[in-house]
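# What the coordinates show
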Amino acid sequence: MAEHSSDNFSPNQLRWCHANRQARTRTKSIGALAAKASSEMGQTASHEVAVFEAISAVVDDEFRRYCRYGGMSAGSVVILVNPADARYHSVIRTKWHLLLREHLERVCRGTLIRRIRFELGTDGATFQTTIPD
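Residues numbered from 1 in each chain as written. Predicted model: local features only at pLDDT ≥ 70, side-chain atom pairs only at ≥ 80, totals over all residues. Heavy atoms only, no water.

Given 3.6 residues per turn, any residue in an α-helix points the same way as the ones three and four places further on. Along its 19 residues, helix H4 (residues 89–107) runs 25 Å from first to last C-alpha, staying within 8% of the 27 Å computed at 1.5 Å per residue. Residues of H4 that are buried include every one of Ile92, Trp96, Leu100, His103 and Leu104, and no others. (Helix = DSSP H or I, 4+ residues; strand = E, 2+ residues; numbered from the N terminus. Expected span 1.5 Å × (residues − 1). Buried < 20%, exposed > 50% of the residue type's maximum accessible area, 1.4 Å probe, protein only.)

Structural data, given as structure tokens:
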């Protein structure tokens, strides 16, 4: 096996390596990258909570009975409709899609919401019930 030393490289190759090496100012420490990732995850979590609470504040008991919050993915808010109640899927979507879209645009201004998707599913969080005053 050949040893790696400057004898194995031509002067042009060494000159190219020296000229194209990465400057220390361009590298970031792992701590800085971890802090940035943690911050972004914290913002995402707070946006999800804000969206969940905004939806809970405006929907009725019928919506709460048939639907669950499926989270956010790439700017889409996912509302899960119980497959056992699939016959209500289009009714719920028709009734709530535009209303939720407009409400979330008003209430969750710092959150990018591209669309609202209604899908069949049972996972997710149940919406909070209203407490009479």
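Most often, soluble globular proteins keep nonpolar side chains buried together rather than apart. With 21 residues, the main nonpolar core has Ile55, Phe63, Val77, Ile79, Leu104 and Phe118 as its most contacted residues. Every element with two or more residues in this core is listed here: helix H2 (30–58), helix H3 (61–66), strand S1 (67–73), strand S2 (76–81), H4 and strand S3 (115–120). Every residue in contact with Val77, bar those within four places of it in the chain, is listed here: Val51, Ile55, Tyr69, Gly71, Met72, Leu104, Ile113, Arg115, Ile116 and Arg117. (Core = buried A, V, L, I, M, F, W, Y, C linked by side-chain atoms within 4.5 Å. Contact = heavy atoms within 4.5 Å.)

A few words on the sheet that holds strand S4 (residues 125–126). Here 4 strands make up an open sheet; going across it, the order is S3-S2-S1-S4 and the pairing mixed. The strands lining the two open edges of the sheet, one partner per strand, are S3 and S4. In terms of strand pairing, S1 meets S4 through 2 bridges, oriented antiparallel. Across the sheet, residue Arg68 finds its bridge partner in S4, namely Thr126. Packing against the sheet, H4 makes contact with S1, S2 and S3, and its axis sits at approximately 155 degrees to S3. (Pairing = 2+ DSSP bridges. Axes fitted to C-alpha atoms, helices over the stretch in contact; angles between N-to-C directions.)

Let us now look at the packing of aromatic side chains. In this structure the tally under the stated criterion is 5 aromatic pairs. Summarising the aromatic geometry, the rings of Phe52 and Phe127 are spaced 5.5 Å apart at their centres and angled 15 degrees between planes, so their arrangement reads as stacked. Pair noted here: Phe52 is in helix H2 and Phe127 is in the segment after S4, with a separation of 75 residues, a long-range link. In this pair, the class of Phe52 matches that of Phe127, namely buried. What links up through ring pairs into an aromatic cluster is the set Phe52, Phe63, Tyr69, Trp96 and Phe127. One residue, Arg65, lies across the ring of Tyr66, its end atom 5.3 Å from the ring centre. (Phe/Tyr/Trp six-rings, centres within 6.5 Å; stacked < 30°, edge-to-face > 60°. Lys NZ or Arg CZ within 6 Å of the ring centre and 35° of its normal.)

The final tally for this structure, using the stated rule, is 5 salt bridges. Across the salt bridge formed by Lys95 and Glu62, the nearest N and O atoms sit 3.7 Å from each other. Remark: Glu62 occurs in helix H3 and Lys95 occurs in helix H4; sequence separation between them is 33 residues. Given the relative accessible area of 32%, Glu62 is considered partly exposed. Where Arg117 meets Glu119, a salt bridge forms, and the shortest distance between an N and an O atom there is 2.8 Å. Owing to a relative accessible area of 23%, Arg117 belongs among the partly exposed residues under this scheme. (Salt bridge = Lys/Arg side-chain N within 4 Å of Asp/Glu carboxyl O.)

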